[in-house]
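The chain contents come next:
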Amino acid sequence: GVQTAPEQKKLALVKFRVLLTEDAESDLASIFDFIAEHDSADKALHVPGQVEQSVSNLAELPERGSHPKELAALGIQDYREVFFKPFRIIYRVSGKFVYVFLIADGRRDMQTLLERRLLSANP
């Protein structure tokens, strides 16, 4: 018969619950609409799906994201970001939750966008 290796203790991975703010959901819809209008329907379906996968991956090890340089320059270390180029996904970890605040093309004026969106937000 087939022998199995002795059971190894698995590291308990803490799962975080990832929540999108209304603004982040709106960002995702806007990305879809923009790509559908200016590129192709196929790409419009593909890109938001890839961004959503990047967001879902935050359920494990959300601390791996870096601090957005625009916020770090202001001494704000509460937020982190991951990338699906050219998109930046800005989020904050609070307890067992990951709140996604912003999904935006990194080529935009991020300083203004971050200040307007994040410095007035408190979930």
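Details of the confidence of the model for the protein chain
Here comes step 1: Summing up the model confidence of the protein chain, the mean pLDDT is 85 and the portion of residues at 70 or higher is 86%.
Here comes step 2: The model gives residues 3-9 a pLDDT under 50, and that stretch makes zero contacts with residues more than four places away or in other chains.

A short note on helix α1 (residues 22-38)
Here comes step 1: The terminal C-alpha atoms of α1 lie 24 Å apart, and with 17 residues this matches the ideal 24 Å at 1.5 Å per residue to within 8%.
Here comes step 2: Within the sequence span of α1, burial applies to A24, D27, L28, I31 and I35. For α1, the arc enclosing every buried residue in end-on projection is 95°, short of the 170-degree limit, so these residues lie on one face. Of the exposed residues in α1, the ones pointing more than 90 degrees away from its buried face are E22 and E37.
Here comes step 3: For α1, the secondary structure elements touched by its buried residues are β1 (17-20), α2 (41-56), β3 (87-94), β4 (97-105) and α4 (110-118).

Digging into α2
Here comes step 1: With 16 residues, α2 ought to run about 22 Å at 1.5 Å a step, and its terminal C-alpha atoms sit 23 Å apart, in line with that.
Here comes step 2: Within the sequence span of α2, burial applies to A44, V47, P48, V51, S54 and V55. The arc that holds every buried residue of α2, seen down its axis, measures 110°, which confines them to one face. Facing away from the buried surface of α2 by more than 90 degrees, the exposed residues are D42 and L45.

Comments concerning the pattern of salt bridges
Here comes step 1: Applying the stated criterion to the full structure yields eight salt bridges.
Here comes step 2: Among the ionic pairs, D23 bridges to R117, the shortest N-O distance being 3.6 Å. Of the two residues, D23 is situated in helix α1 and R117 in helix α4; the sequence distance between them amounts to 94 residues.
Here comes step 3: Here R117 and D27 are joined by a salt bridge, their closest N and O atoms 2.9 Å apart.

So, the packing of aromatic side chains
Here comes step 1: For the structure on display, the rule yields two aromatic pairs.
Here comes step 2: When the centroid spacing of 5.5 Å and the interplanar angle of 80° are considered together, the rings of Y79 and F101 count as edge-to-face. Of the two residues, Y79 sits in the loop between α3 (69-72) and β2 (80-84) while F101 sits in strand β4, which places them 22 residues apart along the sequence.
Here comes step 3: Note on F97 and Y99: the rings are 6.1 Å apart at their centroids and 25° apart in plane angle, and the pair reads as stacked.
Here comes step 4: Note on F97: relative accessible area 31%, which makes it partly exposed.
Here comes step 5: Using a relative accessible area of 19% as the deciding quantity, one classes Y99 as buried.
Here comes step 6: Above the plane of the ring of F83 lies K85, whose end atom (NZ or CZ) is 5.1 Å from the centre.

Calculation criteria
Residues numbered from 1 in each chain as written. Predicted model: local features only at pLDDT ≥ 70, side-chain atom pairs only at ≥ 80, totals over all residues. Heavy atoms only, no water. pLDDT = per-residue confidence, 0-100. Contact = heavy atoms within 4.5 Å. Helix = DSSP H or I, 4+ residues; strand = E, 2+ residues; numbered from the N terminus. Expected span 1.5 Å × (residues − 1). Buried < 20%, exposed > 50% of the residue type's maximum accessible area, 1.4 Å probe, protein only. Arc of directions from axis to C-beta. Salt bridge = Lys/Arg side-chain N within 4 Å of Asp/Glu carboxyl O. Phe/Tyr/Trp six-rings, centres within 6.5 Å; stacked < 30°, edge-to-face > 60°. Lys NZ or Arg CZ within 6 Å of the ring centre and 35° of its normal.

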